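One letter stands for each residue in the lines below.
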Amino acid sequence: MTTPSKTELQYTGKAKNVYGTTDPDLVWIEFTDGATAFNGVKRAQVRDKGEVNARLSAIIFERLDASGVPTHLASTPSPTVHICHRVQIIPVEVVVRNIAAGSLSKRLGIAEGTALDRPLVEFFYKSDALDDPLVNDDHALLFGWAQAWELAYLRHAALEVNDFLRAFWDEFDLTLVDFKLEFGRALAPDRRGQILLADEITPDGSRLWEKGTQRRFDKDVFRRDLGDLGDTYRELFRRVFGQRLHAG
Ligand code: TMP
Ligand code: ASP
């Protein structure tokens, strides 16, 4: 594939900017060093975060594609850029949990760290204005956010991604506590209707606990002021890629 060029800015996100490209079916997504928490209430710039997240998400998406979970990633022209198939994002965020933490612990009074007997799949309505409320299938169907077959696919694919990610992080002595996925409907005529895993899989949207020490290797370090997020992400990068982000 010849790499298309970046065109106009289309959307500014909390940690990514989305541009058009010279190919109408592809978008140019730039990962930035922006860090936010609590729906943008807490903000910082964290050096190297964009590059660590872009490179981690790229190898994970490449391996998922290879193992049969189609993603929006088309190519990576530079360390902080993903060129992606244009999608219409399904406004249902899918969270998979293996261990109780975060909003599940708060909502249901289940102690953080409690192992779940099987993975729990939760849906959240993607709305910054409403702070992404928890919803169920019936809300999604009634309000037209997704069709029944799409919800079935989201649940099935999310559990497959969970199996993959648990094994992936296990290799680096990390326990996958939970993570969030977003999916989209491909818009290119030759792919129309296909559901693609979209957005990103990074420690911003996952919880990763080091086995034994329980040290956090995810954005909870920033949310909860547990240490330096940049150092944490650079250390995660070193473990996964076997080399420092900035050699020397
Ligand atoms: P939660 O426990 O706050 O519901 O979060 C569950 C997982 O989803 C956790 O790994 C962080 C991720 N997440 C996001 O990616 N974006 C969000 O806006 C929120 C609230 C959580
Ligand atoms: N993603 C949300 C934010 O950036 C919430 C969070 O991750 O805590 O503000």
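Residues numbered from 1 in each chain as written. Chains lettered and ligands numbered in written order. Predicted model: local features only at pLDDT ≥ 70, side-chain atom pairs only at ≥ 80, totals over all residues. Heavy atoms only, no water.

(A) Spotlight on helix α6 (residues 229-241). Here α6 contains 13 residues, and its C-alpha end-to-end distance of 18 Å stays within 8% of the 18 Å for a straight helix at 1.5 Å per residue. If you check which residues of α6 are buried, you get L229, G230, T232, Y233, R234, E235, L236, F237 and V240. Each element contacted by the buried residues of α6 is listed here: β4 (34-37), α1 (49-66), α4 (148-170), β12 (174-186), β14 (206-210) and α5 (220-223). (Helix = DSSP H or I, 4+ residues; strand = E, 2+ residues; numbered from the N terminus. Expected span 1.5 Å × (residues − 1). Buried < 20%, exposed > 50% of the residue type's maximum accessible area, 1.4 Å probe, protein only. Contact = heavy atoms within 4.5 Å.)

(B) Expanded view of the site of ligand 1. If you check the shell around ligand 1, you find 13 residues, and the closest are R97, S103, D178, K180 and R207. Between an oxygen atom of ligand 1 and a side-chain N or O atom of S103, the distance comes to 2.6 Å. At 3.5 Å, a backbone N or O of G205 approaches an oxygen atom of ligand 1. For ligand 1, the protein covers 75% of the area, taking 440 Å² as the surface of the free molecule. Residue assignment for the shell around ligand 1 shows that the elements contributing at least two residues are β9 (92-99), α2 (102-108), β12 and β14. The dominant element in the shell around ligand 1, judged by the number of residues it contributes, is β12, at three residues. (Near = heavy atom within 4 Å. Polar contact = N/O pair within 3.5 Å; in protein donor to acceptor, adjacent residues only side chain to side chain. Areas by Shrake-Rupley, 256 points an atom, 1.4 Å probe, with all protein chains shown as cover.)

(C) Quick look at the packing of α1 against α4. Here α1 crosses α4 at 125 degrees, and the two axes come no closer than 11 Å. What the angle tells us is that α1 and α4 run oblique. For the crossing formed where α1 meets α4, the hand is right-handed. Only V161, F164, L165, F168 and W169 of α4 make contact with α1, whose side of the interface consists of L56, I59, I60, R63 and L64. Of the residues assigned to the contact of α1 with α4, the class counts are nine nonpolar, no polar and one charged. (Axes fitted to C-alpha atoms, helices over the stretch in contact; angles between N-to-C directions. Parallel < 35°, antiparallel > 145°, perpendicular 65-115°, else oblique. Left-handed = near helix turned anticlockwise from the far one by under 90°. Nonpolar A, V, L, I, M, F, W, Y, C, P; charged D, E, K, R; others polar.)

(D) A look at the pattern of salt bridges. In this structure the tally under the stated criterion is 27 salt bridges. Between K14 and D128 there is a salt bridge, and its shortest N-O distance comes to 3.4 Å. With a gap of 114 residues between them, K14 in the loop between β1 (6-12) and β2 (16-21) and D128 in the loop between β10 (115-125) and β11 (134-135) connect regions that are remote in the sequence. Using a relative accessible area of 37% as the deciding quantity, one classes K14 as partly exposed. D128 gets classed as partly exposed once you look at its relative accessible area, which sits at 47%. Measuring nitrogen to oxygen at the nearest pair gives 2.9 Å for the salt bridge that ties D48 to R234. Separated by 186 residues along the polypeptide, D48 in the loop between β5 (42-45) and α1 and R234 in helix α6 bring together distant segments of the chain. (Salt bridge = Lys/Arg side-chain N within 4 Å of Asp/Glu carboxyl O.)

(E) Representation of unusual backbone geometry in the model. One non-glycine residue, F38, adopts positive backbone phi at about 55 degrees. Assignment of secondary structure puts F38 in the loop between β4 and β5. A positive phi angle, close to 55 degrees, is found at N39, a residue other than glycine. Locating N39 in the fold gives a position in the loop between β4 and β5. Here N39 falls in the partly exposed class, since its relative accessible area comes to 32%.

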